[in-house]
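Examining the three-dimensional arrangement
Given next are the chains, with one letter for each unit.
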Amino acid sequence: PETGRLALYLLGLRATCPPPEPGPQRSLVTWLKYYLEEDWAGSRQHGHPLTSYYQYSLGVLALCVHRKRVREEVIRRLLAAEQHGRFGHAGGSAVDTEAVAALAFTCLERERLVGARLAAELRAATHRARRRMVEAQGRDGFFGNIYSTPWALQVFISTNTCRMQPAYSWAMAALLENLDAFTTAATVAQALPVLHGRSYLDIASTHCREELDTLTPITPELPPEMTGNMTVRLVVECPEPRCPQRRLYDRPVPAPAGSSLLDVLRAAAAQGPPNFTFDTQDTPQGPFLSRVLGLEGRQQKRSYWQLLTTPSTSLQMGVAEYRPRDGETLILRLSKW
C-alpha cells in the first residue's frame, strides 16, 4: 500500500488550498481509506501494518486534516500499538512514529471526530508520547535524531505545551543550528511549519483566500569545491545465521574529497574485486539503500540497511547527504526494525 506517500500528498494538497471542485480530491481520500484497511488486513498474522506504524499514522493524520471520519477500529489499532510500545525498532529511534501518531490523536480530538471516551484515551496517549520524547532527547538537543525532531516539535506546538517545556527550546535551538541538513522537499516540509510556530494540524483550519504571488526564485549557494582525495574504509555486515561469516566486505575505498556516501559506494563498485554491488530506491526523502552485495532490505521482513560510523553510531543523514571524512570507517549493517 502507498499509505504514507498518498497521505503526504493529501496533506500538501490541503495546504495549497485546491480549487473547490471536490471530485478528484474526494477520490484520493477514498483511496487513502482503502490503503489504511489494506495496510492492516494484509498483515494480521504479523500484528503490524504492511508498511509501518509511521505510514499508518500519517494516513490517519491526513484523513483527520481533511475532516474525514475514521472508523474507531482503525484508530484503536494505532492506540493499542502506542499502549504496548510497538513503535520502536532495533537500532533506531521511534520518536518520528510516536510524534506522527500523537499528531493524529490530537487532530482527532481537536476536530471532534471521536466520542468523549475515546478522546480522553487519545489525550492520555499524546501525554505519554510527549513524555517519551523528552526522555529520548540527546545531548545534542535532538529528539531521537535531527529528522525526527521537527515532528516532535510539532507535537509540542499543537498541544500548546512548548512554553512550559524547556526541552522544546533546547531542541529548537539545535534545529536552527542544523538547518543545512534539510535538503529534500520532504524533510523541509517537516521543518518549515515549526520555524513559523505551526504544525500540520493548522492545515485543517486554514482559511483559503487569494493572495498576491510574492514568491521569487532564488539561486542556492553552491558548497565550496574541495580538491584532493580521501580514503574511506567501507564495511558490510550481515548477522548470523543468515550470514555465517558476518563481515561480507571490508576494504579501503579512495574517492574525491567532499564526496557523499553515495559517491563512495559508487567508487567501491567501480574499483574491482572483490566486487561490490548495491542498489538504491528513490523516495521522497532521497535515495534509500535497498540492496547491498545482493542482500535486500525488505519491509515485509522488517529488515533494512542501517548506516553507521564506527563503532556503532547511526548516521543522521541519508546516503546522498552524508559526506564522510578522510579516514572514517563506514558500516552498512543489515538490521531488523
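Report follows, based on the coordinates. (Residues numbered from 1 in each chain as written. Predicted model: local features only at pLDDT ≥ 70, side-chain atom pairs only at ≥ 80, totals over all residues. Heavy atoms only, no water.)

Sheet architecture is open: five strands sit in the order S2-S1-S8-S6-S7, paired in mixed fashion. What marks the edges here is a single partner per strand, and that holds for strand S2 (247-256) and strand S7 (313-314). With seven bridges connecting them, strand S6 (residues 303-309) and strand S8 (residues 329-336) associate as antiparallel partners. When the bridges of S8 are listed, leucine 308 appears paired with isoleucine 331. (Pairing = 2+ DSSP bridges. Helix = DSSP H or I, 4+ residues; strand = E, 2+ residues; numbered from the N terminus.)

Below, the discussion takes up the packing of aromatic side chains. Applying the stated criterion to the full structure yields 11 aromatic pairs. Consider the rings of tryptophan 31 and tyrosine 34, whose centres lie 5.6 Å apart with planes at 85°: the pair is edge-to-face. Within this pair, tryptophan 31 and its partner tyrosine 34 are both found in helix H2 (residues 23-41), separated by three residues, close to a single helical turn. On the accessibility criterion, tryptophan 31 (44% relative accessible area) is partly exposed. Assessed through its relative accessible area of 42%, tyrosine 34 is described here as partly exposed. (Phe/Tyr/Trp six-rings, centres within 6.5 Å; stacked < 30°, edge-to-face > 60°. Buried < 20%, exposed > 50% of the residue type's maximum accessible area, 1.4 Å probe, protein only.)

Below, the discussion takes up the pattern of salt bridges. Within this structure, the stated rule accounts for 19 salt bridges. For arginine 233, the salt bridge goes to aspartate 250, with nearest N and O atoms at 2.8 Å. Of this pair, arginine 233 sits in strand S1 (residues 229-237) while aspartate 250 is found in strand S2, placing the two residues 17 residues apart along the sequence. You can call arginine 233 partly exposed: its relative accessible area is 34%. For aspartate 250, a relative accessible area of 33% translates into the label partly exposed. Each of Arg233, Glu237, Arg247, Asp250 and Arg333 takes part in a single network of salt bridges with overlapping partners. (Salt bridge = Lys/Arg side-chain N within 4 Å of Asp/Glu carboxyl O.)

This brings us to unusual backbone geometry. Of note in this structure, arginine 112 is not a glycine but carries a positive phi near 55°. As for its placement among the helices and strands, arginine 112 is situated in the loop between helix H5 (95-110) and helix H6 (116-135). Its identity as a non-glycine residue notwithstanding, leucine 293 has a phi of 50°, on the positive side. Its place among the elements puts leucine 293 in the loop between strand S4 (286-292) and strand S5 (295-296). With a relative accessible area of 24%, leucine 293 lands in the partly exposed category.

What follows covers the nonpolar core. In this structure, Leu61, Met133 and Phe143 are the most contacted members of the largest nonpolar core, which totals 71 residues. Among the nonpolar cores identified, the runner-up in size contains 27 residues, and Val232, Phe276, Val319 and Leu330 belong to it. (Core = buried A, V, L, I, M, F, W, Y, C linked by side-chain atoms within 4.5 Å.)

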